[in-house]
Amino acid sequence: MNPFRHKTPIQLRFKDIDRLGHVNNANHITYFELARVDYFNTLMGRGTKIDWDSESLILARIEMDYKQPILLEDHISVYTWVSRLGSKSFDMSCSIVKAAEGGAEIEVAKGLAVIVCFNYKLNQTIPIPESWKEKMMMTSL
């Protein structure tokens, strides 16, 4: 699924299922969050030490479009990528897909998150660190 460069498999849990037999819509945002964290850990390298008080992130906005229900027996993954780079914020987009026959994937939801870089010591927004931008530009379209 080009341009989606990062893929995170999601383990569905029984508690995710609502009375109607499908994943409750609130869980889609949690899956997107898990994928964003995994994307960022992969991007920065799991061993990289970041001072999260001075270079951090705030979720400013999130939206999700639902296309098909997810059932407990489905195998789902989330593709994530940076779809916009600003000076102090960036957009992360996602595509939640379920496995279909023959190795195909069906998009069941898509989302967008606006992320703002923030310094908690100073309590203010900051420019996106250049080292982050370089890595984001290498892994996203």
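Structure's up top.
What counts, and at which threshold
Residues numbered from 1 in each chain as written. Predicted model: local features only at pLDDT ≥ 70, side-chain atom pairs only at ≥ 80, totals over all residues. Heavy atoms only, no water. Helix = DSSP H or I, 4+ residues; strand = E, 2+ residues; numbered from the N terminus. Buried < 20%, exposed > 50% of the residue type's maximum accessible area, 1.4 Å probe, protein only. Polar contact = N/O pair within 3.5 Å; in protein donor to acceptor, adjacent residues only side chain to side chain. Contact = heavy atoms within 4.5 Å. Expected span 1.5 Å × (residues − 1). 1 Å grid on protein atoms, 1.4 Å probe; cavity = no way out; pocket = protein on both sides within 12 Å on 5 of 7 lines; lining within 4 Å. Points joined across faces, edges and corners; volume = space filled by probe spheres on them. Nonpolar A, V, L, I, M, F, W, Y, C, P; charged D, E, K, R; others polar. Pairing = 2+ DSSP bridges.

Asks: Honestly, the side chain of H6 in this entry has me stumped. Any pointers?
Replies: Mapped onto the elements of the fold, H6 is located in strand β1 (residues 6–10). Assessed through its relative accessible area of 10%, H6 is described here as buried. Polar contacts involving the side chain of H6 include one to the side chain of T42, which spans 3.2 Å. Apart from residues no more than four positions distant in its own chain, H6 is found in contact with A35, D38, Y39, T42, V78, Y79 and T80.

Asks: How do you make sense of helix α1 (residues 25–44) when you look at a structure like this?
Replies: Think of an α-helix as turning once every 3.6 residues; residues three or four places apart then point the same way. In this model α1 runs 30 Å from its N-terminal to its C-terminal C-alpha over 20 residues, within 8% of the 28 Å that 1.5 Å per residue would give. Burial in α1 covers these residues: N27, H28, Y31, F32, A35, R36, D38, Y39, F40, L43 and M44. The N-capping residue of α1, defined by a side-chain oxygen 3.0 Å from the backbone nitrogen of A26, is N24. Looking one or two places after α1, you find G45, whose phi comes out positive at around 90 degrees.

Asks: What's the story with the layout of surface pockets in this structure? I'm lost.
Replies: Rolled over the atoms, a probe as big as a water molecule pinpoints where empty space is left. In this structure, the largest pocket spans a volume of roughly 210 Å³. Lining the largest pocket, in full, are E33, R36, V37, F40, N41, W52, L57, I58, L59, F90, M92 and I115. Broken down by secondary-structure element, the contributors of at least two residues to the lining of the largest pocket are α1, β2 (56–66) and β4 (89–99). Sort the elements by how many residues they give to the lining of the largest pocket and α1 lands first, with 5 residues. When the residues that make up the lining of the largest pocket are grouped by side-chain class, the tally is 9 nonpolar, 1 polar and 2 charged.

Asks: Mind showing me how you'd approach the environment of L112 here?
Replies: Tracing the chain through its elements places L112 in strand β5 (residues 105–119). C-alpha separation for the pair L112 and D16, spaced 96 residues apart in sequence, amounts to 21 Å. Once residues lying within four places of it in the same chain are set aside, the contact partners of L112 are F32, R61, I62, E63, S83, D91, M92 and S93.

Asks: Teacher, can you tell me more about the pairing of β5 here?
Replies: For a regular strand, the rule is simple: side chains alternate between the two faces of the sheet. Of all 15 residues making up β5, 11 are buried, and the element is well covered by its neighbours. Pairing of β2 with β5, which is carried by 10 bridges, proceeds in the antiparallel orientation. Within β5, the residue paired with D65 across the bridge is K110. In this sheet, β5 lies alongside β4 in antiparallel orientation, the contact comprising 11 bridges. The residue of β5 that forms the bridge with F90 is I115. If you look at the hairpin formed by β4 and β5, you'll find 5 residues sitting between the two strands, and G102 has a positive phi there, around 75 degrees. Both β5 and strand β6 (residues 124–125) contribute to a ladder of 2 bridges, which runs antiparallel. When the sheet's bridge partners are listed, N119 is paired in β6 with Q124. Linking β5 to β6, which pair antiparallel, is a turn of 4 residues; within it N123 sits at a positive phi near 60 degrees.

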